[in-house]
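A closer look at the structure
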Amino acid sequence: MKFFRLRLPARGPTAAPLFTRARLRSYLIGLGLLLVAFVVGIYLFFPTRALQERIEREAAKGAVTLTMSDLDLLFPPGLRGTEVTVQVAPSYRQSFEINRVAVRPLWSTLFGTDPGIAFQAQLLGGELAGQARKRGSVVAQARGITFAERPITGSLIEVAGTLTTGQFTGAVPLTAGTDSRLELTLDQARINGMEGLGVANGTLNIGQIVLRGEGKGNAFRIDELEARGGDLQLSGSGSLLVGQPFERSRLNLNLILTPATGIDPALRDLLELFATAGTDGSYRLRLGGTLASPIFAK
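Quick summary incoming for the structure in this document. (Residues numbered from 1 in each chain as written. Predicted model: local features only at pLDDT ≥ 70, side-chain atom pairs only at ≥ 80, totals over all residues. Heavy atoms only, no water.)

1. Description of the overall build of the chain
Along its length, the chain carries 3 helices and 14 strands. In the chain, which comprises 298 residues, the share counted as buried stands at 30%. Carbon and sulfur atoms make up 60% of the accessible area of the chain, which totals about 19600 Å². (Helix = DSSP H or I, 4+ residues; strand = E, 2+ residues; numbered from the N terminus. Buried < 20%, exposed > 50% of the residue type's maximum accessible area, 1.4 Å probe, protein only. Areas by Shrake-Rupley, 256 points an atom, 1.4 Å probe, with all protein chains shown as cover.)

Pasting the structure below:
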């Protein structure tokens, strides 16, 4: 019996794989170097001066005078401006300075229909931070901001204090149908410049103020307004209709004022001009008019 052996054709040399481990590593290193060079090129040659001028021009379209000493790129990608001066004209003639402001994109929103940014600013001894979206929604928190402003142009009356905590949720600018929420806590609140009214040291100490309200469009309902720890205690509620310019916003507040023991007699006499003391020693009055021209009524 014969046995037949099947002979297979001889194998040729094995074809080299398209991507060896070493070659793949070299490709990845090259790609990484290319990305690094691209990012470095952006940071070295990005036209920050042109962008700074563009930002200032866009702000001017909204009646805001904005100037900054410098604009830098951040890593991860973002922008930082230093010594930014903001002046809202013509309704608000005073200006304030932001020591530093940083803006970064919200990466998770960039490819959606409502992209946004995260911002953080240092101003007036405190900090403001939050997020803003293209369609106008804003969430912002503030803390430690010290202020001293004259709400009425040309008046000697000055409102001062420290915004300890503040939070705003809503839209900017305010538009019909948008919901807003505002919560503020102020410490060491006071009204200065009252020497002309006979107040001995010229100051009415208000102490701590707590305000909470919510709104629809430009109409705000003030749910809580409390002041304690000063020359008088205050509680109230009412509404605020935000106008343009802001000093034309209309007030409608019902207030209860209770003078503290030992209050300056001039301040008590001033209260008597606007309201009559009740049996418990408190004064009830209504505050109307506008922020620029408030009207007190019994």
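2. Side note on the nonpolar core
Formed by 40 residues in total, the largest nonpolar core has its most connected members in Ile209, Leu225, Leu234, Leu253, Leu255 and Leu257. Setting aside chain neighbours within four positions, we find Leu257 in contact with Leu232, Gln233, Leu234, Leu271, Gly281, Ser282, Tyr283 and Leu285. (Core = buried A, V, L, I, M, F, W, Y, C linked by side-chain atoms within 4.5 Å. Contact = heavy atoms within 4.5 Å.)

3. A closer look at the side chain of Asp114
Relative to the helices and strands, Asp114 resides in the loop between strand E3 (95–105) and strand E4 (116–123). According to the relative accessible area criterion, Asp114 is buried, its value standing at 16%. Of the polar contacts made by the side chain of Asp114, one reaches the backbone nitrogen of Arg135; its length is 3.0 Å. (Polar contact = N/O pair within 3.5 Å; in protein donor to acceptor, adjacent residues only side chain to side chain.)

4. Topic: unusual backbone geometry
Non-glycine residue Leu124 carries a positive phi angle of around 50°. One non-glycine residue, Gln188, lies in positive phi territory at about 55°. If you trace the backbone, Gln188 turns up in strand E8 (residues 179–192). What makes Gln188 exposed here is its relative accessible area of 59%.

5. What about the pattern of salt bridges?
Here the structure, examined in full by the defined rule, presents 9 salt bridges. Arg143 is the salt-bridge partner of Glu127, the closest N and O atoms lying 3.6 Å from each other. Taken together, the positions of Glu127 in strand E5 (residues 126–133) and Arg143 in strand E6 (residues 137–149) put the pair 16 residues apart, joining distant regions of the chain. For Arg143, a relative accessible area of 53% gives the class exposed. (Salt bridge = Lys/Arg side-chain N within 4 Å of Asp/Glu carboxyl O.)

6. Focus on the side chain of Asn192
Mapped onto the elements of the fold, Asn192 is located in strand E8. In this structure the side chain of Asn192 is engaged in a polar contact, spanning 3.1 Å, whose partner is the side chain of Thr203. When sequence neighbours within four positions are dropped, the list of residues in contact with Asn192 reads Leu156, Ile157, Glu158, Ala160, Gly202 and Thr203.

7. As for the pairing of strand E14 (residues 294–297)
Across 4 bridges, the pairing between strand E13 (residues 283–289) and E14 is antiparallel. Bridge pairing links Leu287 to Phe296 in E14. Linking E13 to E14, which pair antiparallel, is a turn of 4 residues. (Pairing = 2+ DSSP bridges.)

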